[in-house]
Amino acid sequence: MKAGVLAIAAAIVVGVSARQNHAERRHAHELFHNARGLKGTGVYGTGKVTGTGKHHSPEETCGCTTIYTTITGEGTLYFPPPPATSVPPPPSSSAAPPTSTTTKSVVIVSTSPPVVPTPLATTCPTPGVYTIPATTITLTSSTTVCAATSTALSSGSNTYGGVTTVVSTKTTVVCPYATVSTSEGVVTSVISTTTYVCPSAGTYTIAPLTTSVSTSTVLVYPTPATYAPGTYTQAEVVTTITETNYVVVCPFTSPAPVPTSSAAPVVVSVAPPASTSVYVAPPASTSAAAPAKTSSSNSGSLGSSGNQWAITYSPYTSAGGCKGAADVLVDVTLIAASGFKAVRIYSTDCSGLVNVGTACKALGLRIILGVFISETGISGAQQQVTDIISWGQFGMVDLVVIGNEAVFNGHCTAAALAGFISECKTKFAAAGYSGPCTTTEPLNTWQANTGALCGAVDVVGANIHPFFNSGISASDAGSFVASQLQIVDGLCPGKTGINLETGWPSQGSCNGAACPGKSEQATAIKGITAAVGGKSVMFSFTNDPWKPAGEFGCEQYWGAVHLFSS
């Protein structure tokens, strides 16, 4: 494809409905809508200045002299959209995937040779078997193009993007940055260059953008993506398509350094038809192929060595319906860009295994799988076990969580849950999964049922929510969660404790000293992250407007990914 803007094709709906009663689960989260028609307001220096530098407001431009230069010119700074190739439909004789041993009619996709290794998106208009040829690109010098990334915006004025640089002395910085220009109603992303004079040691953000929104949303905006010299390859992909207007995204792999933009390798770039699905082809393996259904047990090393590990996610719209694959890809891209290493999903509904799994695989994220036990009890959860075994991508699974507060909610007894966990472990092991399994309950439920549950789990999973303890304020949330996790760690001798759900609401009414609010949420999350972020799953990706308000009117307002977004 040609160098260009990679715009995410969001708001693409696949005709899949949510399973009945899924809205009663403790899931995340509402649909974030991409903002449209947003423009940057120019270039200025911002950021917190460290060292001997001072902190300046944007209006003061850090006391610097900024030379603003926008370089234009055909072929150099204008990057037309990549050829999200819409291929001709297969011959009528192969309009549907072959179901017998008769000869398959295959469509060979013809594409324009790309000049940078941005992911190749191909639209398959009708069902059939498609072959996307292998492609090799060699770059002889570093190349910077417009890619796409995303960030969560809160209502009001927001500053985002830009290039952050740290200097140890007075320095003049010349750097490329991505921005947008409008000509005759056409909005185009371009690479421009700015010369910025940093007057002293410190951290500076160069060429950020500013916009105002009326409600919380997710914005997709251009960002520079730099490709190092080297040879990039995209292996041949042969795939059977069973839907109309299906998008196949083929990433490039290379021993050379990857693009600096973490979002670029998985961005979907198509002119969306009325109904589209997205499939991200796995990168070509550089080693011998391994069986698909494999896993390595890492129960002793669950979590992150740093202060950020995982966040909960569910593929639901704001109304409680199912998100399509493209929307899930946008969400998971934001999760990855926010620094998380893993995603926790609660069940298999809404094609979560396929859509979330595909997005996580493309972005290099791990998955914490869930088998949800609702009011239908253990018998009603059996199909999820079958779904997971059929999916079988155990190599990217860190943990399977069987039940989420099922005993606390009265959906089963502790003894019955322990039996079900053991049954699941046997079935998953036979299917190729050798990783850990657990359940998750509040601490008091665990303390009352250690005799029944400890023998069944590999690690001890608890949901630790400081807000529901009336004596804990937002400023005490971190120390409280740390003390509770220490108790969890000692419940089952020889088995590690992990915090599988924790957070703080941004709206609602007070529970004693525990008061919700945006600043309170930021304080609490910062404290939890600093104290036990590497062993905690943050709750949740975004708000849940489909949920009932709950006792303190807060159940819809736990979305927190924006607190981690740059």
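Residues numbered from 1 in each chain as written. Predicted model: local features only at pLDDT ≥ 70, side-chain atom pairs only at ≥ 80, totals over all residues. Heavy atoms only, no water.

**Quick word on the packing of helix α1 (residues 325–337) against helix α2 (residues 352–363)**
For the pair α1 and α2, interaxial distance at closest approach is 9 Å and the crossing angle is 40°. When the axes of α1 and α2 are compared, the pair comes out oblique. Here α1 and α2 pass one another in a crossing that is right-handed. From α1, A325, V328, L329, V332, T333 and A336 reach across to α2, where they touch N355, V356, A359, C360 and L363. Within the contact of α1 with α2, the residues separate by chemical class into nine nonpolar, two polar and no charged. (Axes fitted to C-alpha atoms, helices over the stretch in contact; angles between N-to-C directions. Helix = DSSP H or I, 4+ residues; strand = E, 2+ residues; numbered from the N terminus. Parallel < 35°, antiparallel > 145°, perpendicular 65-115°, else oblique. Left-handed = near helix turned anticlockwise from the far one by under 90°. Contact = heavy atoms within 4.5 Å. Nonpolar A, V, L, I, M, F, W, Y, C, P; charged D, E, K, R; others polar.)

**Describing the packing of aromatic side chains**
Under the definition given, this model contains 12 aromatic pairs. Their ring planes at 55° and their centres at 6.3 Å tell us that F394 and F428 sit as a pair that is tilted. Here the residue F394 occupies a position in the loop between α3 (382–391) and β23 (397–404), and F428 occupies one in helix α4 (residues 414–431), the gap between them amounting to 34 residues. Like F394, the residue F428 is buried in the burial classification. Residues F428 and Y433 carry aromatic rings whose centres are separated by 6.4 Å and whose planes lie at 85° to one another, so their mutual orientation is edge-to-face. Exposure class is identical for F428 and Y433. Each is buried. Taken together through their ring pairs, the aromatic side chains of F467, F468, W504, F539, F552 and W558 make up a single cluster. (Phe/Tyr/Trp six-rings, centres within 6.5 Å; stacked < 30°, edge-to-face > 60°. Buried < 20%, exposed > 50% of the residue type's maximum accessible area, 1.4 Å probe, protein only.)

**Points about the pattern of salt bridges**
For side chains bearing opposite charge, pairing can occur when the charged atoms are close. In this structure the tally under the stated criterion is six salt bridges. Between D331 and K323 there is a salt bridge, with the nearest N and O atoms lying 2.5 Å from each other. The two residues D331 and K323 agree in class, both being buried. (Salt bridge = Lys/Arg side-chain N within 4 Å of Asp/Glu carboxyl O.)

Remember that the coordinates give geometry; whether it matters functionally is a separate question.
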